[in-house]
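These are the residues of each chain, in order.
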Amino acid sequence: MVSIPPVLLIAFPLFFAFLAPLINMVSKKAVKPYTLFVLLLNSLFAILLFLEVQSNSVVYEQLSGFYPPIGILLSVGYIGAILAVVINVLAMVVYISYFGDVENSVKFSMIYMLVTASSTGIVITGDLFNMFVFFEITAVGSYGLVASMRTKKAFEGAFKYIVLGSVGSSFILLGIATIYGYLKTLNFYDIAARINTMPETARLMAFIFLLIGIGVEAEIFPLNGWVPDAYEGSSNRVASFLSLGPSKAGIYAIIRLLFTLVPIMSGFTLALILGIFTLVIGELAALKQKDVKRMLAYSSIGQMGLILIAISMHSKFAFIAAVFLMVSHALAKSLLFLGTRNYDAGTLKNPWIAGPIFIGVLSIIGMPPFPGFWGKWYLMLNLAAEGLWSIILIVVFAAVVEGVYYARFLFKGTGSDARSITKSEVAAIFLLAIMLVLIGIFPQYLYTPAVKAAASLLGGGP
Amino acid sequence: MTYELLQPVFVISMALIAIGLYGVMSKKNILKIILSIGIMDTGVNILIVAMGYIPGGTAPIENGNYPVYMDPVPQALVLTAIVIGVSVTALALAVAMGYYRKTGTLELDDEGVMKW
Amino acid sequence: MRKIVAAIISITVFVILTYFFITSSAPINYTTGGQYINPITHEHSNQSVPQQYLKDSKKDTGASNVVTAIVVEYRGFDTLGEVTVLFTAATGIALLLDELKRRNVPHDEPNFIVKVGSIVVLPFIVVVGTYIFIHGHLTPGGGFPGGAVIASGFLLLLLVHTNRGLPERKLSVTESIAGMTYALIGLLGLVFAHEFLENYLPLGTFTYLFSAGIIPLIYIAIGFKVGSELGGILHNLKGVHEE
């Protein structure tokens with residue numbers, strides 16, 4: 001089997017994004033097929049990388065030819081490989097929906113490629129500062145994508161995102177400065193090996209700084225003020241892309257922070273509390289919304305809270321649940337954002353659109369046999385086994401609220417975008433729905449890597 | 001040796017961060033918010049550079065006869081952080097221009113600022 | 001009301017952070033703290049990372065400026081990302097402001113001193129900027145400051161010619177080619193050496209201009225890229241069509 005250096009997942013799309021303006025000068029029509037080709041190539045790399053991780057359990061790459069922590073290390077474990085595949089393949093599928101659209105800007109496609117590459121970078125890097133740099137590429141690109149509709153709402157949402165994002169990045173830098181001040185290193189596993197030499201308060205402060213910074217991107221309460229505005233202001237396809245790429249990368253960073261970087265018990269407790277707040281507030285706010293996109297955005301916040309609860313249980317089954325919930329959320333939310341471009345109750349009569357939307361909703365509210373169901377099922381089993389009945393009550397309550405507003409949305413909702421849905425968008429939502437059904441029917445193909453990811457993370461590895 | 005020498009630097013950088021935070025949270029004018037973000041960035045950058053301070057050290061450029069150099073890593077990190085700050089500021093200004101063209105004002109709506 | 005809440009929050013943050021950093025017991029000397037562990041082989045080192053850089057950078061990279069050695073060689077991947085952040089921002093700005101550009105801007109004559117001064121100063125600005133990024137491995141500076149200096153020359157042009165923009169297409173082509181050069185230099189490392197961005201050129205004589213392997217090449221690419229990118233950003237923010 002060919003072995004792919006993980007760096008190609010980042011270097012190739014960067015190179016092709018730099019090349020794109022020249023392609024545009026030669027032929028404007030070639031830009032979209034070109035971008036799709038780049039994303040396809042990256043998806044293939046991601047899948048090859050996943051296969052390599054399955055045979056080696058972890059792939060390291062020492063960049064610039066220096067051993068870590070002198071040089072930057074890329075380290076891909078199971079969870080990184082799963083998310084790299086999810087981000088790249090779904091980014092490609094969502095990009096399909098751009099074909100046949102009048103909007104034809106090379107700059108948009110360039111930013112799309114760059115954000116895909118940098119989200120992938122976050123999940124495969126093994127260096128704290130490198131992760132910060134990729135966070136910034138993701139954030140700056142997302143600001144541009146959100147504002148790309150050029151309406152008042154778009155600029156407002158983007159500006160709010162910029163403000164929170166920059167405050168967050170300042171806090172990430174504070175965290176990096178704290179850790180560097182004590183340990184003089186930036187490599188994840190070197191930090192992990194020596195974090196216990198730091199005093200208790202310093203560890204806690206570093207954890208809080210990094211959590212604040214990452215929490216902006218991962219849509220955690222109380223740092224998610226930008227989410228509804230940014231999603232409402234952006235086009236449906238951008239919202240769809242944001243919910244599959246940057247937010248997944250943010251959750252991955254939280255996993256890294258909790259399990260590898262600063263594995264302190266108070267950190268898990270804090271994450272659990274924040275997760276519960278995020279879940280309850282997100283779902284209750286979603287119940288109030290009339291606009292479909294805003295409702296979906298708040299529902300995203302709720303899902304992020306649920307994922308955070310699952311991660312912070314610090315147990316194998318709960319982590320498997322988190323993996324399923326992440327995949328379900330990436331697939332179903334991008335499907336719903338794409339599918340509800342021109343949604344009203346009348347759309348339900350069109351089976352080509354209603355079918356996939358129905359599947360997406362079922363997966364999100366956790367009906368069998370979709371991945372969302374498996375996620376919630378494993379989470380419930382774990383919570384019950386640990387006797388955490390109060391959390392079960394909260395999760396069930398949130399699920400009921402979710403069911404109520406999704407039912408209302410299916411039968412009464414109205415979309416915010418006046419244009420009608422195109423054929424390529426139907427193709428994209430169909431592909432997403434097929435993936436949801438396949439993962440739901442054959443959960444073992446995700447279950448096995450998820451088990452290994454959990455085992456590796458709980459053992460302190462990548 | 002501890003951080004005693006650096007204490008004034010820490011106070012200054014934290015003050016800049018706090019001023020920036022205050023500006024971000026209290027101002028409604030987009031340009032003032034962008035300035036506040038810049039102030040905050042500066043505070044953080046000062047802190048990182050201070051992390052690499054070595055008493056009696058000199059700039060880490062080899063000239064053969066000086067024994068003590070500053071820690072070069074924070075300087076390299078700050079170089080990156082500054083460029084990132086510039087990029088974000090530039091993009092924020094572009095968004096501000098777009099907002100101004102659409103609304104004719106640089107003040108955010110009351111509901112637009114703190115709608116959580 | 002909002003101002004009071006904001007004041008309370010920021011004062012609290014100030015007090016907590018100041019207290020934390022002032023009382024922190026982190027070692028001020030990199031020789032006493034942080035003996036690193038190689039995470040793959042689990043070998044312990046008796047040195048810290050910055051010590052290793054200061055000791056080995058001459059041997060490893062041939063650059064006399066250790067910060068440059070770290071920025072371009074040891075942590076070169078960060079710098080590729082950094083260039084990309086700037087590129088993403090420039091692209092985003094162009095995406096947002098393309099529609100808003102105007103053909104006819106109100107035309108004020110610039111100040112006489114600015115007009116004449118620009119003709120005198122501009123060549124020097126370009127020369128200084130080029131000098132800074134070519135000598136990045138020997139002196140303080142490098143691709144980013146050098147590019148920024150050249151962009152200040154562009155800014156001067158925009159100030160003098162009030163109703164004109166910059167040649168956008170040429171800047172964009174420069175930017176693309178410089179970016180691709182950087183990525184290619186890195187990818188060639190996979191071919192000629194083992195790793196991305198690994199040095200594969202001779203290190204040359206220490207402290208001479210032609211030394212330090214790929215570092216000067218990368219810094220020249222970055223200099224061109226940053227100069228054209230910042231120029232493009234200024235052009236877009238001015239909001240005038242070229243010509």
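Calculation criteria
- Residues numbered from 1 in each chain as written.
- Chains lettered and ligands numbered in written order.
- Predicted model: local features only at pLDDT ≥ 70, side-chain atom pairs only at ≥ 80, totals over all residues.
- Heavy atoms only, no water.
- Helix = DSSP H or I, 4+ residues; strand = E, 2+ residues; numbered from the N terminus.
- Buried < 20%, exposed > 50% of the residue type's maximum accessible area, 1.4 Å probe, protein only.
- Areas by Shrake-Rupley, 256 points an atom, 1.4 Å probe, with all protein chains shown as cover.
- Rg over C-alpha atoms; globule rule 2.2 N^0.38 Å.
- Contact = heavy atoms within 4.5 Å.
- Lys, Arg positive; Asp, Glu negative; His and termini not counted.
- Charge placed at Lys NZ, Arg CZ, Asp CG, Glu CD.
- Buried area = accessible area lost by both parts, 1.4 Å probe.
- Polar contact = N/O pair within 3.5 Å; in protein donor to acceptor, adjacent residues only side chain to side chain.
- Nonpolar A, V, L, I, M, F, W, Y, C, P; charged D, E, K, R; others polar.
- Salt bridge = Lys/Arg side-chain N within 4 Å of Asp/Glu carboxyl O.
- Axes fitted to C-alpha atoms, helices over the stretch in contact; angles between N-to-C directions.
- Parallel < 35°, antiparallel > 145°, perpendicular 65-115°, else oblique.
- Expected span 1.5 Å × (residues − 1).
- 1 Å grid on protein atoms, 1.4 Å probe; cavity = no way out; pocket = protein on both sides within 12 Å on 5 of 7 lines; lining within 4 Å.
- Points joined across faces, edges and corners; volume = space filled by probe spheres on them.
- Core = buried A, V, L, I, M, F, W, Y, C linked by side-chain atoms within 4.5 Å.
- Patch = residues over 30% accessible without salt bridge, like charges linked within 9 Å, V, L, I, M, F, W, Y side chains within 5 Å.
- Left-handed = near helix turned anticlockwise from the far one by under 90°.
- Bend = angle between axes of the 7 residues up to and from the residue.

## Structural notes on the overall build of chain B
Line of reasoning, step 1. Of regular secondary structure, chain B possesses 4 helices and 0 strands.
Line of reasoning, step 2. Counting helices and strands in the order they occur from the N terminus, chain B gives α-α-α-α.
Line of reasoning, step 3. Considering chain B as a whole, with its 116 residues, one finds that 52% of them fall into the buried category.
Line of reasoning, step 4. In the structure as shown, chain B presents an accessible area of about 4,800 Å², 64% of it carried by carbon and sulfur atoms.

## Topic: the overall build of chain A
Line of reasoning, step 1. Counting secondary structure elements, chain A contains 19 helices and 2 strands.
Line of reasoning, step 2. Against the globule reference of 23 Å for 462 residues, chain A gives a C-alpha radius of gyration of 21 Å, in line with a compact fold.
Line of reasoning, step 3. Principal-axis analysis of the C-alpha atoms places the extent of chain A at approximately 60 × 60 × 45 Å.
Line of reasoning, step 4. Residue pairs in contact within chain A that sit at least 24 positions apart in sequence constitute 80% of those at least 6 positions apart.
Line of reasoning, step 5. About 13,100 Å² of surface is accessible on chain A, with carbon and sulfur atoms providing 72% of the total.
Line of reasoning, step 6. Counting 28 positive and 20 negative side-chain charges, chain A places the centres of these two groups 6 Å from one another.

## Overview of the interface of chain B and chain A
Line of reasoning, step 1. Counting residues at the interface gives 37 residues for chain B and 37 residues for chain A.
Line of reasoning, step 2. Around 3,100 Å² of area is buried between chain B and chain A when both sides are counted, 78% of it from carbon and sulfur atoms.
Line of reasoning, step 3. Joining chain B to chain A, the criterion identifies 3 residue pairs in polar contact (both at pLDDT 80 or more).
Line of reasoning, step 4. With 14 residues, the single largest contributor to the side of chain B that touches chain A is helix 3 (residues 72-103) of chain B.
Line of reasoning, step 5. Classifying every residue of the side of chain B that touches chain A by side-chain character gives 27 nonpolar, 5 polar and 5 charged.

## A short note on unusual backbone geometry
Leave glycine aside and you will find that most residues have negative phi; peptide bonds, for their part, are mostly trans.
Residue and element names in this part refer to chain A.
Line of reasoning, step 1. Here P68 and P69 are connected by a cis peptide whose omega angle stands at 0 degrees.
Line of reasoning, step 2. Take P69: it is sitting in the loop between strand 1 (59-62) and strand 2 (73-76).
Line of reasoning, step 3. Residues other than glycine seldom take positive phi values, yet R150 does so here, at roughly 60 degrees.
Line of reasoning, step 4. R150 sits in the buried class, given a relative accessible area of 17%.
Line of reasoning, step 5. Of note in the backbone geometry, H314 takes a positive phi value of approximately 55 degrees without being a glycine.
Line of reasoning, step 6. Position of H314 among the secondary structure elements: in the loop between helix 13 (292-312) and helix 14 (316-339).
Line of reasoning, step 7. Here H314 falls in the partly exposed class, since its relative accessible area comes to 33%.

## Description of the pattern of salt bridges
Residue and element names in this part refer to chain A.
Line of reasoning, step 1. Tallied over the full model, the rule gives 14 salt bridges over all chains.
Line of reasoning, step 2. Between E156 and K152 there is a salt bridge, and its shortest N-O distance comes to 3.4 Å. In this pair, E156 and K152 are both assigned in helix 6 (residues 152-183), 4 residues apart and thus about one turn of the helix distant.
Line of reasoning, step 3. Looking at E156, the relative accessible area reads 16%, which means it is buried.
Line of reasoning, step 4. Assessed through its relative accessible area of 32%, K152 is described here as partly exposed.
Line of reasoning, step 5. Put simply, R203 and E200 hold a salt bridge, and the shortest N to O gap is 3.7 Å. Placement of both R203 and E200 in helix 8 (residues 200-217) is noted, with a separation of 3 residues, approximately one turn of the helix.
Line of reasoning, step 6. For R203, a relative accessible area of 13% gives the class buried.
Line of reasoning, step 7. Note on E200: relative accessible area 53%, which makes it exposed.
Line of reasoning, step 8. Salt bridges here are not isolated pairs; linked through shared partners, they connect K153, K160, D229, E232 and R294.

## A short note on the packing of helix 15 (residues 351-365) of chain A against helix 16 (residues 371-386) of chain A
All names here are of chain A.
Line of reasoning, step 1. Contact geometry for helix 15 and helix 16: axes closest at 6 Å, N-to-C directions at 5 degrees. If you check the angle between helix 15 and helix 16, you find them roughly parallel. Facing helix 15, whose interface residues are S363, I364 and I365, helix 16 presents P371, G372, F373 and K376.
Line of reasoning, step 2. Looking at side-chain class alone, the contact of helix 15 with helix 16 contains 4 nonpolar, 2 polar and 1 charged residues.

## Points about helix 14 of chain A
Line of reasoning, step 1. With 24 residues, helix 14 of chain A extends 34 Å between its outermost C-alpha atoms, agreeing within 8% with the 34 Å of an ideal straight helix rising 1.5 Å per residue.
Line of reasoning, step 2. The buried fraction of helix 14 of chain A amounts to 22 of the 24 residues, a majority that puts the element mostly inside the structure.

## Here we look at the interface of chain C and chain A
Line of reasoning, step 1. Each partner contributes to the interface: chain C provides 60 residues, whereas chain A provides 68 residues.
Line of reasoning, step 2. Interface area for chain C against chain A, summed over the two sides, is near 5,400 Å², with a carbon-plus-sulfur share of 75%.
Line of reasoning, step 3. The tally of links from chain C across to chain A stands at 1 salt bridge.
Line of reasoning, step 4. Ionic pairing is found between C:R75 and A:D127, a salt bridge with its closest N-O pair at 2.6 Å.
Line of reasoning, step 5. Sorting the residues of the side of chain C that touches chain A by element identifies helix 1 (2-23), helix 2 (49-61), helix 3 (66-74), helix 4 (76-97) and helix 7 (168-192) of chain C as the ones contributing at least two each.
Line of reasoning, step 6. Tallying contributions element by element places helix 4 of chain C first for the side of chain C that touches chain A, with 16 residues.
Line of reasoning, step 7. Considered class by class, the residues forming the side of chain C that touches chain A number 32 nonpolar, 17 polar and 11 charged.

## A look at the layout of surface pockets
Line of reasoning, step 1. By volume, the second largest pocket is sized at about 720 Å³.
Line of reasoning, step 2. What lines the second largest pocket is a set of 31 residues, among which A:V106, A:K107, C:D98, C:E168 and C:S172 lie closest to the centre.
Line of reasoning, step 3. At the level of elements, helix 1 (8-26) and helix 4 (106-124) of chain A together with helix 4, helix 7 and helix 8 (215-238) of chain C are the ones that each hand at least two residues to the lining of the second largest pocket.

## Structural notes on the nonpolar core
Line of reasoning, step 1. Judged by nonpolar contacts, the single largest core of 284 residues is most densely connected at A:I79, A:L174, A:Y406 and C:F77.
Line of reasoning, step 2. The residues touching A:L174, leaving out its near neighbours within four places in the chain, are A:F209, B:M14, B:I17, B:V44, B:L47, C:L17 and C:F21.

## Points about empty space enclosed by the protein
Line of reasoning, step 1. This model, assessed by the stated rule, comprises 9 cavities of 30 Å³ or more.
Line of reasoning, step 2. Taken together, 13 residues form the lining of the largest cavity, with A:S169, B:D41, B:A81, B:I84 and B:G85 sitting closest to its centre.
Line of reasoning, step 3. If you list the elements that add at least two residues to the lining of the largest cavity, you get helix 5 (128-147) and helix 6 of chain A together with helix 2 (30-51) and helix 3 of chain B.
Line of reasoning, step 4. Grouping the constituent residues of the lining of the largest cavity by class yields 6 nonpolar, 5 polar and 2 charged.
Line of reasoning, step 5. When its volume is computed, the second largest cavity comes out at roughly 80 Å³.

## Some thoughts on a nonpolar patch on the surface
Residue and element names in this part refer to chain C.
Line of reasoning, step 1. A surface patch of nonpolar side chains, amounting to about 760 Å² of accessible area, comprises F112, I113, V116, I119, V120, V121 and F124.
Line of reasoning, step 2. Structurally, V120 is set in helix 5 (residues 112-134).
Line of reasoning, step 3. Its relative accessible area of 51% is what places V120 among the exposed residues.

## Considering the packing of helix 2 of chain C against helix 3 of chain C
Residues and elements named next belong to chain C.
Line of reasoning, step 1. Where helix 2 meets helix 3, the closest approach of the two axes is 10 Å, and the angle between their N-to-C directions is 65 degrees. The hand of the helix 2/helix 3 crossing is left-handed. Residues Y53, L54, D56, S57, D60 and T61 of helix 2 lie in contact with helix 3, whose contacting residues are V66, A69, I70, E73 and Y74.

## Here we look at helix 5 of chain C
Residue and element names in this part refer to chain C.
Line of reasoning, step 1. In a regular helix each residue adds 1.5 Å, so 23 residues correspond to 33 Å; helix 5 covers 34 Å between its end C-alpha atoms and thus fits that length.
Line of reasoning, step 2. Along helix 5, the sharpest change in direction is near 40 degrees and occurs at S118.
Line of reasoning, step 3. For helix 5, the set of buried residues is S118, I125, G129 and F133.
Line of reasoning, step 4. Those residues of helix 5 hidden inside the fold are in contact with helix 6 (143-160) and helix 8.
Line of reasoning, step 5. Sitting at the amino-terminal end of helix 5 is N111, which places a side-chain oxygen 2.9 Å from the backbone nitrogen of I113.

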